[in-house]
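# Coordinate inspection notes
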Amino acid sequence: MDMKIAAKRAMNGQRGFTLIEVIIAASIMIILSIGLLGVFSNVVQRNRGENTRMQALSVLQEEVEYYRSLKFIPVGSHGALDAGTYNKTGARAGADGRVFNIVVVITNVDGILDPNSKFKQIVITASLPTGAETGWLEDLRTNVTIQRVRSN
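In what follows, the accompanying structure is described. Just so we're clear, the structure is a prediction, and the values are computed from it rather than from any experiment.

## Considerations on the packing of aromatic side chains
The tally for this structure, following the rule as stated, stands at one aromatic pair. Aromatic pair Tyr66 and Tyr67: ring centres 5.0 Å apart, planes at 80 degrees, arrangement edge-to-face.

## Quick look at the side chain of Lys120
Counting through the fold element by element, Lys120 comes out in strand E3 (residues 119-127). Buried charge without a salt bridge: Lys120, with Asp82 as the nearest opposite-charge side chain at an N-O distance of 5.6 Å. Of note is the side chain of Lys120, whose polar atom sits 3.0 Å from the backbone oxygen of Leu81. In this structure the side chain of Lys120 is engaged in a polar contact, spanning 2.5 Å, whose partner is the side chain of Asn108. Not counting the four nearest positions on each side in its chain, Lys120 is found in contact with Phe72, Leu81, Ala83, Ile106, Thr107, Asn108, Val109, Ile146, Gln147 and Arg148.

## A look at the nonpolar core
Counting 18 residues, the largest nonpolar core has Tyr67, Leu81, Phe100, Ile102, Val104, Ile122 and Ile124 as its most contacted members. Residue assignment for this core shows that the elements contributing at least two residues are helix H2 (19-69), strand E2 (99-108) and E3. With five residues, the single largest contributor to this core is H2. Setting aside its immediate chain neighbours within four residues, Val104 contacts Glu63, Tyr67, Gly84, Thr85, Tyr86, Lys88, Ile122, Val123 and Ile124.

Scoring rules and cut-offs
Residues numbered from 1 in each chain as written. Predicted model: local features only at pLDDT ≥ 70, side-chain atom pairs only at ≥ 80, totals over all residues. Heavy atoms only, no water. Phe/Tyr/Trp six-rings, centres within 6.5 Å; stacked < 30°, edge-to-face > 60°. Helix = DSSP H or I, 4+ residues; strand = E, 2+ residues; numbered from the N terminus. Buried < 20%, exposed > 50% of the residue type's maximum accessible area, 1.4 Å probe, protein only. Lys, Arg positive; Asp, Glu negative; His and termini not counted. Salt bridge = Lys/Arg side-chain N within 4 Å of Asp/Glu carboxyl O. Polar contact = N/O pair within 3.5 Å; in protein donor to acceptor, adjacent residues only side chain to side chain. Contact = heavy atoms within 4.5 Å. Core = buried A, V, L, I, M, F, W, Y, C linked by side-chain atoms within 4.5 Å.

So, to be careful, I would describe these as geometric facts and stop short of saying anything about function.
Dropping the structure here:
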């Protein structure tokens, strides 16, 4: 019997958390949650930017394959390999339908306007249309440089 009475007295002596302790614990949890939410938001934005950049690289790869497939021979080279700057507004779409503007700059390395140029440098740049994104994604330019040597 004495044990039952001692157990009852021990239970009556335990109280729980006070209201102040609960408020302090909740405040700490809220502060930590706000910090984690900010980090999560930043990670989501960075992932979206990397996804857009990967789509731009995919679009650039398609353009590179196009320019590599063109004939570059002494007589009868494809006209798309003529030196100059070419803008292709809204020319290519990424995997999710996002449209990229393509700018192609072809330079005759061995002569500025020589039609018999044997060496060309092709710089292809993919960018998002104006107003498509905001913040750091607004000026997301991705480019690739290839060189072509005329076959004999």
